[in-house]
Amino acid sequence: MKGNSLSELPALHPAHLKYRCDPLGHLVLTAEAAMVGGGDQAAHFFGGAWTEAKLEIVAAYAKSFQTALKNQPFENWYIDPFAGTGQRTEKRQSGGIFEGRPSEEEIVTFSGSAKRALEISPHFDHYCFADAKASHVDALLALASEFPGRDIQVFHGDGNDCVRDVLTTAPWTGPNSWRQRGIVFLDPYGMSVRWETLKLIASTRKLDVWFLFAAKAVRQQLGGSIHDVDEAKAAALDRFFGEPNWREEFFRASEGQVTLFDIEPTAETAVNLSAIGAYARKRFADEFCWVSEPKSLTVRNVPDYFQLYCMTNNNSEKAVALVSRLHAGVVKAHVQASRRMSDR
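Residues numbered from 1 in each chain as written. Predicted model: local features only at pLDDT ≥ 70, side-chain atom pairs only at ≥ 80, totals over all residues. Heavy atoms only, no water.

### Description of the overall build of the protein chain
For clarity, the threshold we go by: Strands are runs of DSSP state E lasting at least two residues, helices are runs of H or I lasting at least four, and both sets are numbered from the N terminus onward. To sort residues, take the accessible area from a 1.4 Å probe on protein chains only and compare it with the maximum for the residue type: under 20% means buried, over 50% means exposed, and anything in between is partly exposed. Whether two residues are in contact is decided by their heavy atoms: any pair within 4.5 Å suffices. Each accessible area is a Shrake-Rupley result for a 1.4 Å probe, and residues are judged covered by the shown protein chains and nothing else.
If you tally the helices and strands in the protein chain, you get 10 helices and 14 strands. Taken across its 344 residues, the protein chain has 49% of its residues classed as buried. Residue pairs in contact within the protein chain that sit at least 24 positions apart in sequence constitute 70% of those at least 6 positions apart. Of the roughly 17,200 Å² that the protein chain leaves accessible, carbon and sulfur atoms contribute 51%.

Shown next as structure tokens:
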């Protein structure tokens with residue numbers, strides 16, 4: 001199959017697309033590849049300062065991870081199952097009276113998680129990117145063509161399915177499974193990550209996880225009382241937390257309204273975003289032997305809107321110590337860099 005674009009091929013959804021870049025930068029599809037349709041690659045508008053914070057921290061950790069393991073007999077993976085387009089675009093206001101020129105809106109493009117991962121040296125042995133949108137997959141294909149010779153897999157479909165497909169097949173199963181190591185960056189849309197995905201990742205005992213936990217999305221599902229949580233919301237929260245105990249954790253009994261006939265009990269939401277994060281961290285610790293303190297990310301002046309966690313379930317004390325040290329190093333470096341920027 002010739003050419004670098006798959007946009008003219010028929011779409012199958014959910015599709016599993018796998019390709020490698022040959023030395024000339026052409027996309028070479030394996031026989032197992034499914035066809036992905038799409039269109040023009042659209043700019044991916046989202047994010048702000050908090051986005052740069054999470055991307056900088058995860059990229060710095062990935063760089064440190066690769067440096068620490070470069071002389072080990074492992075095959076290192078970077079798995080990003082909610083990868084978007086590989087870059088992000090943001091609208092910013094520039095100019096104004098303080099800059100001495102007319103105010104105008106400018107379009108600024110930043111590297112996303114996929115591109116930053118591909119630019120890390122020493123590079124990973126394998127990359128897996130996924131997204132549910134065909135246009136995003138097309139953009140990932142274009143990005144991958146800039147890195148010929150790399151082993152890159154792209155999945156069109158649900159990120160949870162991507163993780164399952166990768167971790168339940170060779171080389172993650174079979175005689176070479178002992179050699180596999182890597183990083184999984186879970187940067188989902190809202191509450192898209194299913195608990196079964198976290199359990200599967202933890203079961204490998206070979207992967208470090210960075211998880212952007214959307215505390216605000218959970219809070220929105222909870223509403224003001226248990227009566228605001230309909231069947232669909234309850235099912236989503238069950239899938240996300242992997243248990244029904246959030247009901248007791250997030251709601252408290254309150255005195256009901258006295259009616260002519262009885263006292264009607266109610267249950268009101270009794271948690272803020274920080275408390276939601278504390279419960280999530282407790283649940284993560286049920287699966288992973290080491291879970292970091294959260295890095296709070298503020299969005300629109302709301303602290304803990306997102307919380308960034310690092311986790312591992314490697315049962316080697318040496319490995320856990322390494323993860324803890326790398327995590328502490330990159331978070332500290334980011335805090336120091338942020339302070340320097342704010343002092344300017």
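Let us keep going from here.
### With respect to the side chain of His334
For the record, the criterion: Within 3.5 Å is the distance limit for a polar contact, defined as a pair of N or O atoms, with the added protein rule that one can donate a hydrogen and the other accept it, and that residues adjacent in sequence qualify only through two side-chain atoms.
With respect to the helices and strands, His334 occurs in helix α10 (residues 317-342). Side chain to side chain, His334 and Glu56 meet in a polar contact 3.5 Å long. Contact partners of His334, with chain neighbours within four places excluded, come to Ala53, Glu56, Ile57 and Lys295.

### Some thoughts on the packing of helix α4 (residues 159-167) against helix α5 (residues 195-204)
Condition: Note on method: axes are straight lines fitted to C-alpha atoms, helices fitted across the in-contact stretch only, with angles between N-to-C directions ranging 0 to 180 degrees. Under this scheme an angle from 65 to 115 degrees is roughly perpendicular, one under 35 degrees roughly parallel, and one over 145 degrees roughly antiparallel; angles in between are oblique. Take the far helix as your reference; a near helix turned counterclockwise from it by less than a right angle gives a left-handed crossing, and one turned clockwise gives a right-handed crossing.
Two elements in contact, α4 and α5, have axes separated by 10 Å at closest approach and are oriented at 25°. The orientation of α4 relative to α5 falls into the category roughly parallel. By crossing handedness, the relation of α4 to α5 is classed as left-handed. Taking contact as the criterion, the partners of Asn160, Val163, Arg164 and Leu167 in α4 are, on α5, Thr197, Leu200, Ile201 and Thr204.

### Examining the pattern of salt bridges
Put simply, the rule is: Salt bridges, as used here, are contacts in which a Lys or Arg side-chain nitrogen is within 4 Å of a carboxyl oxygen on Asp or Glu.
For the structure shown, the criterion picks out 14 salt bridges. Between Asp187 and Lys54 there is a salt bridge, with its nearest N and O atoms 2.6 Å apart. Of this pair, Asp187 sits in the loop between β8 (180-186) and α5 while Lys54 sits in helix α1 (residues 49-69), and the two are 133 residues apart along the sequence. We note that Asp187, like Lys54, is buried. Close ionic contact of Arg194 with Glu196 constitutes a salt bridge, the shortest N to O distance being 3.4 Å. A relative accessible area of 52% means that Glu196 is categorised as exposed.

### A word on the packing of aromatic side chains
Put simply, the test is: Pairs were defined over the aromatic rings of Phe, Tyr and Trp, the Trp ring being its six-membered one, requiring ring centres within 6.5 Å. Orientation was assigned from the angle between planes: stacked under 30 degrees, edge-to-face over 60, tilted for the rest. Both a distance and an angle decide whether a charge sits over a ring: NZ of Lys or CZ of Arg must be within 6 Å of the ring centre and within 35 degrees of the ring normal.
With the rule as written, the count across this model stands at 19 aromatic pairs. The interplanar angle of 65° and the centroid separation of 6.4 Å between the aromatic rings of Phe211 and Phe240 together place this pair among those described as edge-to-face. Remark: Phe240 occurs in helix α7 (residues 231-241) and Phe211 occurs in strand β9 (residues 207-213); sequence separation between them is 29 residues. Looking at Phe211, the relative accessible area reads 1%, which means it is buried. We note Arg181 situated over the ring of Phe74; from NZ or CZ to the ring centre the distance is 4.1 Å. One residue, Arg283, lies across the ring of Trp195, its end atom 4.2 Å from the ring centre.

### Details of the environment of Arg252
The residue Arg252 is located in strand β10 (residues 251-258) in this model. Given the relative accessible area of 48%, Arg252 is considered partly exposed. C-alpha separation for the pair Arg252 and Ser225, spaced 27 residues apart in sequence, amounts to 9.0 Å.

### Description of unusual backbone geometry
Cis geometry is adopted by the peptide bond preceding Pro122, which originates at Ser121 and carries an omega value of 0°. Inspection of the secondary structure assignment puts Pro122 in the loop between α2 (113-119) and β6 (126-131). Here the residue pair Ala170 and Pro171 is connected by a cis peptide bond, since its omega of 5° sits within 30 degrees of zero. One non-glycine residue, Asn301, lies in positive phi territory at about 65°. Looking at the element boundaries, Asn301 is found in the loop between β13 (295-299) and β14 (302-312). Look at Asn301 and you get exposed, because its relative accessible area is 75%. Its identity is not glycine, yet Asp304 carries a phi of approximately 65°, on the positive side. Along the chain, Asp304 turns up in strand β14.

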